[in-house]
Amino acid sequence: MGIIQAFFNWREGKYQEHLEAMYEEDKCPQCHGKGYHVYPPVGEFIPYNHIFDCAGCEGLGSYSKRDSTIV
Ligand SMILES: [Zn+2]
């Protein structure tokens, strides 16, 4: 196994841990349970932010909702 592959495996493992943690808390892993995404990120030199409903959970922020949308 090369170092690059090892890195990708590690990153995939971290992602799985993230998914499981979000599942236990019933939070959407895409928006961390907030139900929306802010763009650009807070801190940019822009006087306002755009807020989008999360496509993964349709703005609800729950993991179970996300599951039902992936059929
Ligand atoms: Zn979401």
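Residues numbered from 1 in each chain as written. Predicted model: local features only at pLDDT ≥ 70, side-chain atom pairs only at ≥ 80, totals over all residues.

Trainee: Explanation requested: the overall build of the protein in the structure shown.
Mentor: Helix and strand counts for the protein come out as two helices and two strands. For the protein, the α and β elements follow one another from N to C terminus as α-β-β-α. Sorting the 71 residues of the protein into buried and exposed places 11% on the buried side. For the protein, contacts bridging at least 24 residues in sequence account for 45% of all contacts bridging at least 6. (Helix = DSSP H or I, 4+ residues; strand = E, 2+ residues; numbered from the N terminus. Buried ≥ 20, exposed ≤ 12 C-beta atoms within 10 Å, placed from the backbone. Contact = placed C-beta atoms within 7 Å.)

Trainee: Help me out: how do you make sense of unusual backbone geometry in this one?
Mentor: With a phi close to 60 degrees, H32 is a non-glycine residue in the positive phi region. Within the secondary structure layout, H32 lies in the loop between α1 (3-24) and β1 (36-39). Owing to 15 C-beta atoms within 10 Å, H32 belongs among the partly exposed residues under this scheme. The backbone of E58 sits at a positive phi, close to 55 degrees, despite the residue not being glycine. Mapping E58 onto the fold places it in the loop between β2 (50-53) and α2 (63-69).

Trainee: Sorry, what's going on with the nonpolar core here?
Mentor: For soluble globular proteins, the rule of thumb is that nonpolar side chains tend to be buried together. Ranked by size, the top nonpolar core spans five residues in total: C28, C31, C54, C57 and Y63. Excluding residues within four positions of it along the chain, C54 makes contact with C28, Q30, C31, G35, Y36, H37 and G59. (Core = buried A, V, L, I, M, F, W, Y, C linked by C-beta atoms within 7 Å.)

Trainee: I would appreciate a short explanation of the confidence of the model for the protein in the present structure.
Mentor: Any region with low pLDDT has predicted coordinates that should not be read closely. On average, residues of the protein score 83 in pLDDT, and 75% of them reach the 70 mark or higher. Taking the mean pLDDT of every element in the protein, the minimum, 62, falls on α2 and the maximum, 93, on α1. (pLDDT = per-residue confidence, 0-100.)

Trainee: I tried to follow the environment of P29 on my own but got confused; where do I start?
Mentor: Residue position: P29 is located in the loop between α1 and β1. Separated by 28 residues in the primary sequence, P29 and C57 place their C-alpha atoms 9.1 Å from one another. Ignoring sequence-local partners within four residues, the contact set of P29 consists of H18, L19 and M22.

Trainee: Is there a simple way to think about α1 in this case?
Mentor: Since there are 3.6 residues in each turn of an α-helix, residues three or four apart along the chain are aligned in direction. In this model, α1 (22 residues) spans 32 Å end to end at C-alpha, consistent with the 32 Å of a helix rising 1.5 Å per residue. Within α1, only zero of the 22 residues are buried, which leaves the element largely exposed. One or two positions beyond α1, positive phi appears at D26, with a value near 55 degrees. (Expected span 1.5 Å × (residues − 1).)

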